[in-house]
Amino acid sequence: MLLIECPWCGERAETEFSYGGEAGIVRPPDPDALTDAEWADYLFNRSNPRGAHRELWNHAQGCRRWFAVERDTVTYVISRSYRLSDAADGEGG
Ligand SMILES: [Zn+2]
């Protein structure tokens, strides 16, 4: 079982969390200026890397807060777990 470190509650079982997708996706500041293809890319396309990946997780059965995790998609090793307010780029990890 995967153990995930909640920045507020500490290490807990994966079953307490909900996956929120890739971290760092920034909403375009002016959506009306985008083409349909650019808008669709923002809405649907994600990187899906093999290796290091920044993800959003919610501690749904705990404090219910959102946070970011850096996880290797091959080994599942989590190298970092942090609050979104602590993200270096300020955009959710
Ligand atoms: Zn928590």
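Residues numbered from 1 in each chain as written. Predicted model: local features only at pLDDT ≥ 70, side-chain atom pairs only at ≥ 80, totals over all residues. Heavy atoms only, no water.

**Concerning the coordination of the zinc ion**
Stated precisely, the cut-off is as follows: Counted as donors are N, O and S atoms no farther than 2.8 Å from the metal, or 3.2 Å for Na, K and Ca; water is not among the atoms, and sites may therefore look incomplete. Irregular is the label for any site that misses the other tests, which are tetrahedral for four donors with all angles between 85 and 135 degrees, and square planar for four donors or octahedral for six when opposite donors exceed 155 degrees and the remaining angles lie between 65 and 115.
Taken together, the protein donors to the zinc ion comprise Cys 6 (SG), Cys 9 (SG), His 59 (ND1) and Cys 63 (SG), at separations of 2.1 to 2.4 Å. Bound by 4 donor atoms, the zinc ion shows angles of 106 to 120° at the metal and therefore tetrahedral coordination geometry. In terms of primary sequence, the donors binding the zinc ion are separated according to C-x2-C-x49-H-x3-C.

**Details of the pattern of salt bridges**
Worth spelling out the cut-off: Salt bridge, as used here: a side-chain nitrogen of Lys or Arg that lies within 4 Å of a carboxyl oxygen of Asp or Glu. Strands are runs of DSSP state E lasting at least 2 residues, helices are runs of H or I lasting at least 4, and numbering of each runs from the N terminus.
For the structure shown, the criterion picks out 2 salt bridges. Of the charged contacts, one joins Glu 55 and Arg 71 as a salt bridge, the two residues approaching to 2.5 Å between their closest N and O atoms. Placement of Glu 55 in strand β4 (residues 52-58) and of Arg 71 in strand β5 (residues 66-72) is noted, with a sequence separation of 16 residues between them. Residue Glu 70 pairs with Arg 80 through a salt bridge whose shortest N-O separation is 3.3 Å. Within this pair, whereas Glu 70 is found in strand β5, its partner Arg 80 is found in strand β6 (residues 78-83), the two being separated by 10 residues in sequence.

**Quick notes on the sheet that holds strand β3 (residues 18-22)**
The strands making up a sheet associate through backbone hydrogen bonding, with each pair oriented either parallel or antiparallel. Operational definition: By this definition, two strands are paired if DSSP reports at least two bridges between them. Each axis is a line fitted through C-alpha atoms, and for a helix only the stretch in contact is used; angles between axes span 0 to 180 degrees, taken between their N-to-C directions.
A sheet is described by the order of its strands in space; here 4 strands give the open sequence β3-β4-β5-β6, paired in antiparallel fashion. Because the sheet does not close on itself, it has two edges, and the strands there are β3 and β6. The mean angle between the axes of side-by-side strands here comes to 30°, regardless of whether they run parallel or antiparallel. Alignment of β4 against β5, held across 7 bridges, turns out to be antiparallel. Note that in β5 the partner of Glu 55 across the bridge is Val 69.

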